Amino acid sequence: MLEVSSIKNGIVLDHITSGNGVKIFNKLLLHKLVYPVVLLMSVSSNEMKKKDIIKIENNIDIDLNFLGLIDHNITVNIIENSKIINKKKVKIPSYIEDIFPCHNPRCITNFDNCAKPTFSIVNEGNLEYICNYCEEITTYKL
Ligand SMILES: [Zn+2]
């Protein structure tokens, strides 16, 4: 496997479904970080045929709900002194707040800045969420 300098202190997002790495990179606005960030694409993997990996040389705050929504296969590794000190598996969030807008144009969350859109999962298979204000179903799309 090609060697890319490993992280001393930071975060490694592993087991990203091949092709999702760029989307996550863009959604998390990683190009705006002032720390070294590496995006590896189409890496061979035992469990998955191909995977993407993102390495960030700093322990930034990442929204795990958001990651779970984009790709629930991801493992988040927290690295300290070049060792993995914590491993978290993301999952499809059952409750989300302020990640995407409500599908209903008349929903209060679309015109009142104080009302943040919050949703509860109704169908994990196709990422269908019900709005907690108007009960409209919104399907999350990448
Ligand atoms: Zn709504």
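Details of the structure are given in the entry above.
**So, the coordination of the zinc ion**
Thinking step 1. For the zinc ion, the full set of protein donor atoms is Cys102 (SG), Cys107 (SG), Cys131 (SG) and Cys134 (SG), and the range of their distances to it is 2.3 to 2.4 Å.
Thinking step 2. One way to put it: the four donor atoms around the zinc ion meet at angles of 102 to 113°, and that makes the site tetrahedral.
Thinking step 3. Mapping the donors of the zinc ion onto the primary sequence gives the spacing C-x4-C-x23-C-x2-C. Residue Cys102 is located in the loop between β6 (95-97) and β7 (118-123), and its partner Cys134 is located in the loop between β8 (128-131) and β9 (137-139); the two are separated by 32 residues in the primary sequence.
Thinking step 4. By relative accessible area, Cys134 is classed as partly exposed at 27%.

**Quick notes on the sheet that holds strand β3 (residues 50-56)**
Thinking step 1. Ordered in space as β2-β3-β1-β4-β5, the five strands form an open sheet in which the pairing is antiparallel. The sheet is open, and its two borders are formed by β2 (37-44) and β5 (83-89), each paired with just one other strand. Each strand of the sheet is rotated relative to its neighbour by a mean of 20°, with strand direction disregarded.
Thinking step 2. Helix α1 (residues 20-27) rests against β1 (10-17), β2 and β3 of the sheet, and its axis sits at about 140° to β1.

Parameters at a glance
- Residues numbered from 1 in each chain as written.
- Predicted model: local features only at pLDDT ≥ 70, side-chain atom pairs only at ≥ 80, totals over all residues.
- Heavy atoms only, no water.
- Donors = N, O, S within 2.8 Å, 3.2 Å for Na, K, Ca; no water.
- Tetrahedral: all angles 85-135°; square planar, octahedral: opposite > 155°, others 65-115°.
- Helix = DSSP H or I, 4+ residues; strand = E, 2+ residues; numbered from the N terminus.
- Buried < 20%, exposed > 50% of the residue type's maximum accessible area, 1.4 Å probe, protein only.
- Pairing = 2+ DSSP bridges.
- Axes fitted to C-alpha atoms, helices over the stretch in contact; angles between N-to-C directions.
- Contact = heavy atoms within 4.5 Å.

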